[in-house]
Structure formats: structure tokens, C-alpha cells
Amino acid sequence: MAVITIREKQPTETGFAASLIFDGGEYPINITDPFTPQQEQQLEWYFEEWLTYPMLNGKKAEAAKMSVASYGESLFNQVFKADIDAYSHYRGLRGNLKQVKIEIVGNSPEFHALHWEAMRDKDLPRPLGVDCVMVRKRLDKAASVAANMAESAVINLLVVIARPDEEHDVGYRTIARPLIEVIQNSQLAVNIDLLRPGTYKSLERHLEAKGAGYYHIIHFDCHGALMGYADIQEGVKRN
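Attention in this report is confined to the structure presented alongside it.

The rules behind each value
Residues numbered from 1 in each chain as written. Predicted model: local features only at pLDDT ≥ 70, side-chain atom pairs only at ≥ 80, totals over all residues. Heavy atoms only, no water. Helix = DSSP H or I, 4+ residues; strand = E, 2+ residues; numbered from the N terminus. Buried < 20%, exposed > 50% of the residue type's maximum accessible area, 1.4 Å probe, protein only. Areas by Shrake-Rupley, 256 points an atom, 1.4 Å probe, with all protein chains shown as cover. Lys, Arg positive; Asp, Glu negative; His and termini not counted. Charge placed at Lys NZ, Arg CZ, Asp CG, Glu CD. Expected span 1.5 Å × (residues − 1). Contact = heavy atoms within 4.5 Å. Phe/Tyr/Trp six-rings, centres within 6.5 Å; stacked < 30°, edge-to-face > 60°. Pairing = 2+ DSSP bridges. Axes fitted to C-alpha atoms, helices over the stretch in contact; angles between N-to-C directions. Core = buried A, V, L, I, M, F, W, Y, C linked by side-chain atoms within 4.5 Å. Patch = residues over 30% accessible without salt bridge, like charges linked within 9 Å, V, L, I, M, F, W, Y side chains within 5 Å. Salt bridge = Lys/Arg side-chain N within 4 Å of Asp/Glu carboxyl O. Parallel < 35°, antiparallel > 145°, perpendicular 65-115°, else oblique. Left-handed = near helix turned anticlockwise from the far one by under 90°. Nonpolar A, V, L, I, M, F, W, Y, C, P; charged D, E, K, R; others polar. Polar contact = N/O pair within 3.5 Å; in protein donor to acceptor, adjacent residues only side chain to side chain.

Some thoughts on the overall build of the protein
Thought 1: Looking only at helices and strands, one finds eight helices and eight strands in the protein.
Thought 2: Counting every position in the protein, which comprises 239 residues, the buried fraction comes to 32%.
Thought 3: With an accessible surface of roughly 15,500 Å², the protein has 52% of that area assigned to carbon and sulfur atoms.
Thought 4: The average position of the 26 basic charges and that of the 32 acidic charges among the side chains of the protein differ by 4 Å.

Rendered as C-alpha cells:
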């Protein structure tokens, strides 16, 4: 598998000095946030608040959705089009993106706060993160933890959805349904389990029943914090 590394070097007045690294080539790049703070707030509203009442503010939501594409194209151009040789190197890999891994390597929260998964080649129908393997790494090495996975022809995915505020919270299917539809429509080899109920004790029992190494990914779709029921009820009383 070919590896493309985007490595943070140091902060600058406008963003970050970084390196774009291919197997056999390294290119200096400069990264700036494609969005203003106001545009970031619009995205935050779209992903965190609009989902509560998706029947309202349709035009505003559509504008926010379209802005994700322009954000991704801007980030792509800064990374791959700043140097003609770097772009040529990328073009040599573009024909088989499923065999490409993109590593985002940095240590600052600001560098990782950039929406790297939105990075998009305007000549392709969807962001690179959909077809490539994309991982994030910190520069400082944490203590390694062994993860022994069982061999499997598919990716086993467990989706944990927690909605402690019940009818006052975001609907169960609001986020889970698009995730599942993408997997189904793309015909990806993914086996999905939905945890019911979405509690820590239920998760513990479920993992023990499946055995170590069964799940490759656990996706937590949670709002709030890890709390006991009494804590949640106390929060409800305080509104």
C-alpha cells in the first residue's frame, strides 16, 4: 500500500509549515485554515444543531453542506498543487486510491483540528477520505497497546448510539442512518451491529459475548458525557 504523509513541522503566522511525503519524495508545503471563524461556526451549527430540527433552515443547511466541498478543495490544492512534481506524484497514485493510505502526522490540536477528511480532488466525485485509508498520528509516541484482530473477510463495525435526553435529544437515526446508507450504497464489505441499549454496561456485556479481537471499529455516536442515570436526571432537572 502506498503511503502519503502530511507532517506538521511548525506553526506560522498564517497556519503551519508542513511536509508532504511520498515514497521517494518530500515537498515543503504551507497550510492555512480555508475557513474563517464565522464559516467554522456555520459548520458547527450544521453538524451539531441543525440535526435536531432538520426540517428548518433548509437553505442555510444546504449552503453549509456545499461549503464542505469548497473547504476540501482548498485544502487539497494547498497540499498537492503547490509543487508540480508533488502533484505529478499524486496523479501517479490517483488511479488506485483504495491502495493509498494518507497519514496526518502532527502534535498540535490546531493542526489536527483541520478537517482533513474533507480533502477533495475536484476531478473526483467524493473526498479522498472515502476511498483512501486515512489515519491521524501524534508526533510524540504514546505507549503501544497490542490489538490482536481475528482474520475476517469483512470489517466488523459496532455502532454505539446514546441519547440520554430521549425525545429532547437528537433522533437515533439522524446520524446513524446516513452512515449505514453510505456503507450500503458503496457496497463496502462492512458488517454493522447496533448496540441496544446504548449504555456502558450493555457495551461491556456485548464485547464479552463477541470475544476479544472481533470488532475492527467501534463508532461512538454520543452526546454528553459518561454519567450515571441519577446524574443525567439531575441535569434534566437543572435544564
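Observations concerning helix α2 (residues 58–80)
Thought 1: Relative to the 33 Å expected for 23 residues at 1.5 Å per residue, α2 spans 34 Å between its end C-alpha atoms, a close match to the ideal helical length.
Thought 2: Taken residue by residue, α2 has Ala61, Ala64, Ser67, Tyr71, Gly72, Leu75, Phe76, Gln78, Val79 and Phe80 as its buried positions.
Thought 3: Along its buried surface, α2 packs onto β1 (2–11), β2 (16–22), β3 (25–31), α1 (37–49), α3 (84–94) and α5 (128–131).

Quick word on the packing of aromatic side chains
Thought 1: A complete count under the given rule lists 12 aromatic pairs for this structure.
Thought 2: Taking the centre distance of 6.4 Å and the plane angle of 50 degrees together, the rings of Phe22 and Phe80 count as tilted. Here the residue Phe22 occupies a position in strand β2, and Phe80 occupies one in helix α2, the gap between them amounting to 58 residues. Across the pair, exposure class does not vary: Phe22 and Phe80 are buried alike.
Thought 3: Consider the rings of Tyr46 and Phe47, whose centres lie 4.9 Å apart with planes at 70 degrees: the pair is edge-to-face.
Thought 4: For Tyr46, a relative accessible area of 14% translates into the label buried.

Side note on the sheet that holds β2
Thought 1: Taken together, the five strands give an open sheet; going across it, the order is β3-β2-β1-β4-β5, and neighbouring strands pair in mixed fashion. With one partner strand each, in any of the chains shown, β3 and β5 (133–138) form the two edges of the open sheet. With direction set aside, neighbouring strand axes in the sheet form an average angle of 20 degrees.
Thought 2: On the sheet, α2 packs against β1, β2 and β3 and is oriented at approximately 135 degrees with respect to β3.
Thought 3: Sitting on the sheet, α3 is in contact with β1, β2, β3 and β4 (100–106), with an inclination near 45 degrees to β2.

Observations concerning the nonpolar core
Thought 1: Ranked by size, the top nonpolar core spans 31 residues in total, and within it Ile6, Leu20, Phe80, Ile102, Trp116 and Met119 carry the most contacts.
Thought 2: Elements with a contribution of two residues or more to this core: β1, β2, β3, α2, α3 and β4.
Thought 3: When neighbours within four sequence positions are excluded, Leu20 is seen to be in contact with Ile4, Thr5, Ile6, Gly25, Glu26, Tyr27, Ile29, Val79, Phe80 and Ala86.
Thought 4: Counting residues in each nonpolar core, the second largest holds six residues, with Trp45, Tyr46, Trp50 and Ala64 among its members.

So, the pairing of strand β6 (residues 155–162)
Regular strands show a simple pattern: their side chains alternate between the two faces of the sheet.
Thought 1: With respect to burial, β6 is a largely interior element, seven of its eight residues being buried.
Thought 2: Relative to strand β7 (residues 190–194), β6 runs parallel, the two sharing five bridges. By the bridge assignment, Asn156 is partnered in β7 with Asn191.

Digging into a nonpolar patch on the surface
Thought 1: A surface patch of nonpolar side chains, amounting to about 370 Å² of accessible area, comprises Tyr53, Met55 and Leu56.
Thought 2: Mapping Met55 onto the fold places it in the loop between α1 and α2.

Quick word on the packing of α1 against α2
Thought 1: Running from amino to carboxyl end, α1 crosses α2 at an angle of 120 degrees, the nearest separation of the two axes being 9 Å. Relative to α2, the element α1 is oriented oblique. The two elements α1 and α2 meet at a crossing, and its hand is left-handed. Counting all contacts with α1, which are made through Glu40, Gln42, Leu43, Trp45, Tyr46 and Phe47, the residues of α2 involved are Lys60, Ala61, Ala63, Ala64, Lys65, Ser67, Val68 and Tyr71.
Thought 2: Residues that form the contact of α1 with α2 fall into these classes: nine nonpolar, two polar and three charged.

Some words on the side chain of Asp121
Thought 1: Following the sequence through the fold, Asp121 ends up in the loop between α4 (109–113) and α5.
Thought 2: In terms of polar contacts, Asp121 uses its side chain to reach the side chain of Arg94, at 2.9 Å.
Thought 3: From its side chain, Asp121 meets the backbone nitrogen of Asp123 in a polar contact 2.9 Å long.
Thought 4: Excluding residues within four positions of it along the chain, Asp121 makes contact with Phe76, Tyr90, Arg94 and Leu128.

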